[in-house]
Amino acid sequence: MMKYSIIIPVYNTKKYLKRCIDSIINQDYQNYEIIIINDGSPDNSEEILKNYKNNPKIKIIKQTNHGLSYSRNVGIKKSKGDYIIFLDSDDFIESDLLKILNENINDEDMFKFSYSDFKDNNKTKIESIEFRELNGKLAFKTLVESKTMFEMSCIYAYKTLYMKKYSFEEGKYHEDFGLIPIMINYAKKVSSINYCGYIYNRENETSITSYTDDKKEYKKALDVLYFFKKVKQTESDKYLLSFYSNAVILKLNYLNGEYKKKYLREIKKEKVYNYILTNTLIRKIKKIEVKLKLLIIR
């Protein structure tokens, strides 16, 4: 049986693509398949991929440009392994990632590990909380309260049967944010280890996170609000709703001028502040602060 399916969407990452793929080929553990989706990349990524076409572990899918979420969804459908791992084509993984996962996974729906930031040829480890075999709701609360980054899709191994129940929202920023918290919340079993096996490349100048402007930030904020509204329509879990409402409010920190005023009006219209939990003093203060900001918006 195939153990891991590693999904790599490719778009304009020729400088980093070989390092990415080789980081899998050079794994200590070898029971895997690599599914590469060339998402209509206009650079010479295709020429690099030709060097791997005879590798029996690698399946290369070529398509016109549809975006990251679409490509990931294609990869999910094609996966044959017991577990799925997502890898962005400008990033790479430690050589013992699959070995470590294989030694620790015990039929979890989602198994979390951590990551390192990579810049100027240096790795900075991002520490993560550890827990074993919690139900989804308790795992979600534990991760939220730990204040660690957990929404990144690339720092989990997903049981394939569980992952195939879901899909990434297409045409939106923050697609991970729109899906991963919900998947955690409804998983039967989740574990987390403090092992930095994923290496997040901070040097890619073409990354969507490397440059932005006010208009783009406003679009990102609206997409976060979109996910909040979607959750509000389908979920009754107060903790989950509070998490999404807080994320909506945090987006205010990235907006300026008229965009900030427009976004505040949207928050007011959706009554986002009503969903913030007030079971701690900090949450009570935050709710009051949001209400005060909304009072000055006309």
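Residues numbered from 1 in each chain as written. Predicted model: local features only at pLDDT ≥ 70, side-chain atom pairs only at ≥ 80, totals over all residues. Heavy atoms only, no water.

Engineer: Help me understand the pairing of strand 1 (residues 4-10), please; the structure alone is not making it clear to me.
Structural biologist: A regular strand places its side chains so that they alternate between the two faces of the sheet. Extensive coverage of strand 1 is indicated by the burial of seven of its seven residues. Both faces of strand 1 are covered, namely the face carrying Tyr4, Ile6, Ile8 and Val10 and the face carrying Ser5, Ile7 and Pro9. Note: strand 1 against strand 2 (residues 32-39), seven bridges, orientation parallel. The partner of serine 5 across the bridge, within strand 2, is glutamate 33. Handedness of the strand 1-helix 1 (residues 14-25)-strand 2 crossover: right-handed. (Buried < 20%, exposed > 50% of the residue type's maximum accessible area, 1.4 Å probe, protein only. Helix = DSSP H or I, 4+ residues; strand = E, 2+ residues; numbered from the N terminus. Pairing = 2+ DSSP bridges. Right-handed = clockwise from strand over helix to strand, strands pointing away.)

Engineer: Teacher, can you tell me more about the packing of helix 8 (residues 214-234) against helix 10 (residues 257-270) here?
Structural biologist: A packed helix pair is summarised by two numbers, namely the angle formed by the two axes and the spacing between the axes. Two numbers describe how helix 8 lies on helix 10: the axes approach to 10 Å, and their chain directions differ by 5 degrees. In terms of orientation, helix 8 lies roughly parallel with respect to helix 10. On helix 10, the residues touching Asp214, Lys215, Tyr218, Ala221, Leu222, Leu225, Phe228, Lys229 and Lys232 of helix 8 are Tyr259, Lys262, Tyr263, Glu266 and Glu270. (Axes fitted to C-alpha atoms, helices over the stretch in contact; angles between N-to-C directions. Parallel < 35°, antiparallel > 145°, perpendicular 65-115°, else oblique. Contact = heavy atoms within 4.5 Å.)

Engineer: What is the right way to look at the pairing of strand 7 (residues 122-126) in this model?
Structural biologist: As judged from the five bridges shared by strand 6 (residues 110-119) and strand 7, these two strands associate in the antiparallel manner. If you follow tyrosine 115 over to strand 7, its bridge partner there is isoleucine 126. Once strand 6 ends, the chain turns through two residues before running back antiparallel as strand 7, passing aspartate 120 with a positive phi of about 55 degrees.

Geometric values such as these leave the question of function open.
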